[in-house]
Amino acid sequence: MGRQVAQVNPVIRIQNIYHMLAYAFQTLQGQGYRDIAAEEFDNTADLLAEILSRGVSLQLKRGLGRDYVDRKDALSSPRGKIELSESLKTRSILRRQLVCSYDEFSTDTRMNRILKATIMLLIRSDIDKARKKALRRLLPYFVDVEDVNLSGEDWYMRFDRNNQTYRMLMNVCWLVVKGLLQTRESGSLRMMDFLDDQRMSHLYEKFILEYYRREHPELSAGAPYISWALDDDFDDMLPAMHTDITLARGRTVLIIDAKYYSHTTQQQFDKRSVHSGNLYQIFTYVKNKEAELASTHDQHSVSGMLLYAKTDEDVQPDGVYQMSGNQISVRTLDLNQPFETIRSQLDGIAEAHFSKEAAYV
């Protein structure tokens, strides 16, 4: 049995959460958001409140999104479909009204309901008073939007040209709701571990991928699936191999597994080691990608990397291993540094693997 160890979390500057969100959602690179990076925030809820306040204000200038909403009301001037049985049942006819079902082009949409409910959550939470005031000023614009209970929201949404500006707003709402839905006896809301490992892991992966897409256009950056190198076509019940980040230039490939864990190593008795499951996974990805390229290219290079978000533990993984003809490295990314230092770390990874001397182009 391994020894139980105390809970430790990756250490991250709050301002860097903004930078990560800005890469994940290009909207935050716009003029209305840029100076957020220079502001100081006491907690993550304050940061997200500021982003949401500015984002909703910009959306109001464009106009709140509208959609056709199903309505059923007793009307003096009938419209749509007349519901005769309900008109008789409710005796609305005695009031010279008819119950009608109709479509209304309204701001009372699902996304606007989520925006309104999230604003109200933040107003009740432990954020800066000035930000609460700014959020309260937005609520009158949602007077025609119904209240909704976000605890049952499934968060699955489709985005198109008409609602694309809501994509970042909905993701910020999701982060807020998952961090604030715990109520004190007084009725105010307290923050949990605001962005837990699951949510931060998703943001961490997205950030690294989008960073390389934007800052290193000379590389092909994506998150593709890797096919199993099978001796026949039988693949029933084999798990899909979906990479977090795959960087390629010519015939040189680097597969990165981004890991945001409470502990960057595992411990058994008095010995620390790389998480075995992580190492097996990246090795499997690399060897199957190697088999794919071996069938088409004489010279190629496939490497793998486990890139952990650095914690404040005394021991951090840092090693380069040569395994069956492929390089597998384990690194940590320090998110508790000025963002320029993080940029330098990520650029250094690209340079080490894709310099003219290292790459098959």
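Below is a summary of the structure that appears in this document. (Residues numbered from 1 in each chain as written. Predicted model: local features only at pLDDT ≥ 70, side-chain atom pairs only at ≥ 80, totals over all residues. Heavy atoms only, no water.)

Turning our attention to the sheet that holds strand β3 (residues 98-106). The sheet built from 3 strands is open, its strands ordered β1-β3-β2 with antiparallel pairing. Looking along the sheet, the strands with just one partner apiece sit at the ends: β1 (67-75) and β2 (81-82). The pairing of β2 with β3 spans 2 bridges and is classified as antiparallel. Note that in β3 the partner of K81 across the bridge is S101. (Pairing = 2+ DSSP bridges. Helix = DSSP H or I, 4+ residues; strand = E, 2+ residues; numbered from the N terminus.)

Time to look at the sheet that holds strand β8 (residues 252-259). One open sheet holds the 6 strands; their spatial order is β4-β7-β8-β11-β13-β12, and the pairing between them is mixed. Unpaired on one side and paired on the other, β4 (220-222) and β12 (319-323) mark the two borders of the sheet. Across the sheet, the mean angle from the axis of one strand to that of its neighbour is 20°, orientation sign disregarded. As paired elements, β8 and strand β11 (residues 301-309) share 8 bridges and run parallel to each other. Each residue of the ladder has a partner; that of I256, found in β11, is M305. With respect to the sheet, helix α8 (residues 276-294) is in contact with β8, β11, β12 and β13 (326-333), its orientation differing from that of β11 by roughly 155°. (Axes fitted to C-alpha atoms, helices over the stretch in contact; angles between N-to-C directions. Contact = heavy atoms within 4.5 Å.)

Quick look at the nonpolar core now. Core analysis: the biggest nonpolar cluster contains 74 residues, and I51, Y204, F207 and Y212 have the highest contact counts within it. Among all residues touching Y204, those that are not within four sequence positions of it are M20, A258, K259, Y260, L307, Y308, A309, L333 and L335. If you look at the next biggest cluster of nonpolar residues, it comprises 14 residues, including V286, L293, L306 and V330. (Core = buried A, V, L, I, M, F, W, Y, C linked by side-chain atoms within 4.5 Å. Buried < 20%, exposed > 50% of the residue type's maximum accessible area, 1.4 Å probe, protein only.)

Leaving glycine out, the prevailing phi sign among residues is negative, and the prevailing peptide bond configuration is trans. Positive phi, normally seen in glycine, also occurs at R91, with a value near 60°. Considering the arrangement of structural elements, one finds R91 in the loop between α3 (84-89) and β3. Classification of R91 as exposed rests on a relative accessible area of 59%. Positive phi outside glycine occurs at M237, with the angle close to 70°.

For the rest of this paragraph, the subject is the pattern of salt bridges. Applying the stated criterion to the full structure yields 22 salt bridges. The closest approach of N and O atoms between E39 and R54, which form a salt bridge, is 2.7 Å. Of this pair, E39 sits in the loop between α1 (14-24) and α2 (44-62) while R54 sits in helix α2, placing them 15 residues apart in sequence. The exposure class assigned to R54 is buried, which follows from its relative accessible area of 16%. Between E146 and R71 there is a salt bridge, and its shortest N-O distance comes to 3.8 Å. Placement of E146 in the loop between α5 (129-136) and α6 (167-180) and of R71 in strand β1 is noted, with a sequence separation of 75 residues between them. E146 gets classed as partly exposed once you look at its relative accessible area, which sits at 41%. Judged by relative accessible area, which is 19%, R71 ranks as buried. (Salt bridge = Lys/Arg side-chain N within 4 Å of Asp/Glu carboxyl O.)

This part covers the packing of α1 against helix α9 (residues 339-354). Packing of α1 against α9 leaves a shortest axis separation of 10 Å and a crossing angle of 50°. In terms of their interaxial angle, α1 and α9 are classed as oblique. Of α9, the residues touching α1 (which contributes N16, H19 and Y23) are F339, I342 and R343. Looking at the contact of α1 with α9 residue by residue, the class counts come to 3 nonpolar, 2 polar and 1 charged. (Parallel < 35°, antiparallel > 145°, perpendicular 65-115°, else oblique. Nonpolar A, V, L, I, M, F, W, Y, C, P; charged D, E, K, R; others polar.)

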